[in-house]
Amino acid sequence: MTARRNSSKDETALKQAVLDAALGYAPQDGFSDRTLAQAGTEVGAGAEMLLHLFPNGPASLVEFFSEQSDAEMERLLAEENLSAMKVRDRIAASVLTRLEILKPHKEAARRAAAFLTLPMHAALGATLLYRTVDAMWRAAGDTSTDFNFYTKRAILAGVYSTTLLRWFSDASENMGETRTFLAARIENVMQFEKFKAEMRERTKDLPSVADVLKRFTAPRP
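These notes cover the structure that comes with them. Nothing here was measured: the structure is a model prediction, and the numbers come from that model.

## Re the overall build of the chain
Okay, step 1: From N to C terminus, the chain includes 10 helices and 0 strands.
Okay, step 2: The N-to-C order of helical and strand elements in the chain reads α-α-α-α-α-α-α-α-α-α.
Okay, step 3: A total of 221 residues make up the chain; the buried ones form 34% of that total.
Okay, step 4: Within the chain, contacts between residues separated by at least 24 positions form 66% of all contacts whose residues are at least 6 apart in sequence.
Okay, step 5: Roughly 13,400 Å² of accessible area belongs to the chain as shown, and the carbon and sulfur atoms make up 57% of that amount.

What follows is the structure in structure tokens.
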């Protein structure tokens, strides 16, 4: 059991080494077979080992990049006192923390995003986006299990993905333009949630659509 655990750790360390090397090639060559092969050569991982570590080639490399970024985001957020913040501030902190993690590899992150927009990688892109926003909500203390669980993640997926695109073109100091953009997107969401709450309060005493239909479909005496 110990040998198997050590082997797993060694493989994870080697995958990380390949990723670190690949991030140096990706800005020029994207996440491609060439990038993966160059990274493998740099760290001494042959074709057979690369196939074992990244069975789907560049797609597996992009997936590992996202997973490691999520893990680092969760680690950093765990050090923050998020519970003392308002929900909107927790979400902003989560999004900005992940962008800070990607910042040293901004062009590689851009190439990864482009890779995931290709039709053959759309499913992987959706999966990785879901994992990221799910990690953000869990870090923010979300414990919902009802329909809100999915709506929260769908909304944050929109906020994060559009903010990520804005960040790619942001050349301002300290991501100033991105921070402004993110604050506006969160404000839009908060206003929409406020509107929904107000509408629920105003209509709580009105008959539902189902009640109205029942009146018309009930058998006549």
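## Brief notes about the environment of R138
Okay, step 1: Topologically, R138 is positioned in helix 7 (residues 122-139).
Okay, step 2: Judged by relative accessible area, which is 45%, R138 ranks as partly exposed.
Okay, step 3: A sequence separation of 64 residues divides R138 from E74, and the C-alpha atoms of the two residues are 8.9 Å apart.
Okay, step 4: Those residues in contact with R138 that lie beyond four places of it in its chain are E74 and R153.

## Things to note about the pattern of salt bridges
Here the idea is simple: oppositely charged side chains can pair when their charged atoms come close.
Okay, step 1: One pass over the structure, following the stated rule, counts 15 salt bridges.
Okay, step 2: Salt-bridge contacts for D142 lead to R153; the nearest nitrogen and oxygen are separated by 3.1 Å. Residue D142 is located in the loop between helix 7 and helix 8 (147-168), and its partner R153 is located in helix 8; the two are separated by 11 residues in the primary sequence.
Okay, step 3: Put simply, R166 and E177 hold a salt bridge, and the shortest N to O gap is 2.5 Å. Within this pair, whereas R166 is found in helix 8, its partner E177 is found in helix 9 (residues 176-203), the two being separated by 11 residues in sequence.
Okay, step 4: For E177, a relative accessible area of 36% translates into the label partly exposed.

## Describing the nonpolar core
Looking at soluble globular proteins, one finds that nonpolar side chains tend to be buried together.
Okay, step 1: Of all hydrophobic cores here, the largest spans 50 residues; its most connected members are F31, F54, V95, L156, Y160 and W167.
Okay, step 2: If you tally residues by element for this core, the top one is helix 5 (residues 87-102), at 8 residues.
Okay, step 3: Apart from the residues within four sequence positions on either side, F31 is in contact with L23, A26, P58, L61, V62, F65, A108, R111, A112 and F115.

## Topic: helix 4 (residues 58-78)
Okay, step 1: With 21 residues, helix 4 should cover 30 Å at 1.5 Å per step; its first-to-last C-alpha distance of 30 Å lies within 8% of that length.
Okay, step 2: Inspection of helix 4 places P58, A59, S60, L61, V62, F64, F65, S66, S69, D70, M73 and L77 among the buried residues, and these make up the whole buried set.

## Some thoughts on the packing of aromatic side chains
Okay, step 1: This structure, assessed with the given rule, holds 4 aromatic pairs.
Okay, step 2: On the basis of an interplanar angle of 75 degrees and a centroid distance of 6.3 Å, the ring pair of F54 and F64 is categorised as edge-to-face. Within this pair, whereas F54 is found in the loop between helix 3 (47-53) and helix 4, its partner F64 is found in helix 4, the two being separated by 10 residues in sequence. Comparing F54 with F64, the two get one shared label, buried.
Okay, step 3: For the ring pair F149 and Y150, a centre distance of 5.1 Å and an interplane angle of 75 degrees mean the geometry is edge-to-face.
Okay, step 4: Residue classification places Y150 among the exposed residues on the basis of a relative accessible area of 53%.
Okay, step 5: The residue whose ring lies beneath K106 is W167, and the NZ or CZ to ring-centre distance is 4.8 Å.
Okay, step 6: Sitting over the face of the ring of F181, R185 holds its NZ or CZ atom 4.5 Å from the ring centroid.

Thresholds, definitions, all that
- Residues numbered from 1 in each chain as written.
- Predicted model: local features only at pLDDT ≥ 70, side-chain atom pairs only at ≥ 80, totals over all residues.
- Heavy atoms only, no water.
- Helix = DSSP H or I, 4+ residues; strand = E, 2+ residues; numbered from the N terminus.
- Buried < 20%, exposed > 50% of the residue type's maximum accessible area, 1.4 Å probe, protein only.
- Contact = heavy atoms within 4.5 Å.
- Areas by Shrake-Rupley, 256 points an atom, 1.4 Å probe, with all protein chains shown as cover.
- Salt bridge = Lys/Arg side-chain N within 4 Å of Asp/Glu carboxyl O.
- Core = buried A, V, L, I, M, F, W, Y, C linked by side-chain atoms within 4.5 Å.
- Expected span 1.5 Å × (residues − 1).
- Phe/Tyr/Trp six-rings, centres within 6.5 Å; stacked < 30°, edge-to-face > 60°.
- Lys NZ or Arg CZ within 6 Å of the ring centre and 35° of its normal.

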